[in-house]
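As a plain string of letters, each chain reads:
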Amino acid sequence: MMNTTDPGAESHLARAVHLAVENVRNDGGPFGAVVVDASGRVFEGTNRVTANNDPTAHAEVSAIRNACAALGTFDLSGAMLYTSCEPCPMCLASSLWARVDGIVFAADRHDAAAGGFDDAVFYDYFDTPVEERSLQVTRAVPDDIPAVAPFDEWNASATRTAY
């Protein structure tokens, strides 16, 4: 049973799963996604991480990129994302940046793990205290230019596009 008010939700979700199956047959990963904008336009994406040697080429990110490029905007307010599997933290963050209204997924992270795609290390990373994380992220400030110089330039720009 679908938990959404979109009457086409089930078909969009089924399309995302179908895209994932087709993508495996086309040397891609087992993930597919569909973005449906507020007017009902549909944009698709598949996981091409290994096919394109691009670790960011997840299905959700690809669908968001395709929608934004076609619509000429970075703001997908009013859109829904349908995906064959529960989004990883990167895809969730991308969805937040794109401002989609909601996400509907089929398989969950445990199904993905059973299929060889275990995102637990990424979820665990954010739950780990900063000083204990496997990837250390360190702040350093250059001596010859203020660290906030890009933001000062941004705020002074008359041509900036706020997002």
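See the structure printed just above.
Since the structure is predicted, the reported quantities are computational estimates derived from the model, not experimental observations.

**With respect to the pairing of strand 4 (residues 102–107)**
Right, on to step 1. Where strand 3 (residues 80–85) and strand 4 come together, five bridges link them in parallel fashion. Bridge pairing in strand 4 links cysteine 85 to alanine 107.
Right, on to step 2. Regarding the hand of the β-α-β motif, the stretch spanning strand 3, helix 4 (residues 89–98) and strand 4 is right-handed.

**Points about the side chain of glutamate 60**
Right, on to step 1. Of note, glutamate 60 is situated in helix 3 (residues 59–71).
Right, on to step 2. At 2.8 Å, the side chain of glutamate 60 and the side chain of threonine 83 are in polar contact.

**A few points about the environment of aspartate 118**
Right, on to step 1. Within the secondary structure, aspartate 118 is located in the loop between helix 5 (109–114) and helix 6 (120–127).
Right, on to step 2. We classify aspartate 118 as partly exposed; its relative accessible area is 49%.
Right, on to step 3. For the pair aspartate 118 and cysteine 88, spaced 30 residues apart in the sequence, the C-alpha separation amounts to 9.6 Å.
Right, on to step 4. When near neighbours in sequence (up to four residues on either side) are disregarded, aspartate 118 contacts Ala112 and Ala113.

Cut-offs and rules
- Residues numbered from 1 in each chain as written.
- Predicted model: local features only at pLDDT ≥ 70, side-chain atom pairs only at ≥ 80, totals over all residues.
- Heavy atoms only, no water.
- Pairing = 2+ DSSP bridges.
- Helix = DSSP H or I, 4+ residues; strand = E, 2+ residues; numbered from the N terminus.
- Right-handed = clockwise from strand over helix to strand, strands pointing away.
- Polar contact = N/O pair within 3.5 Å; in protein donor to acceptor, adjacent residues only side chain to side chain.
- Buried < 20%, exposed > 50% of the residue type's maximum accessible area, 1.4 Å probe, protein only.
- Contact = heavy atoms within 4.5 Å.

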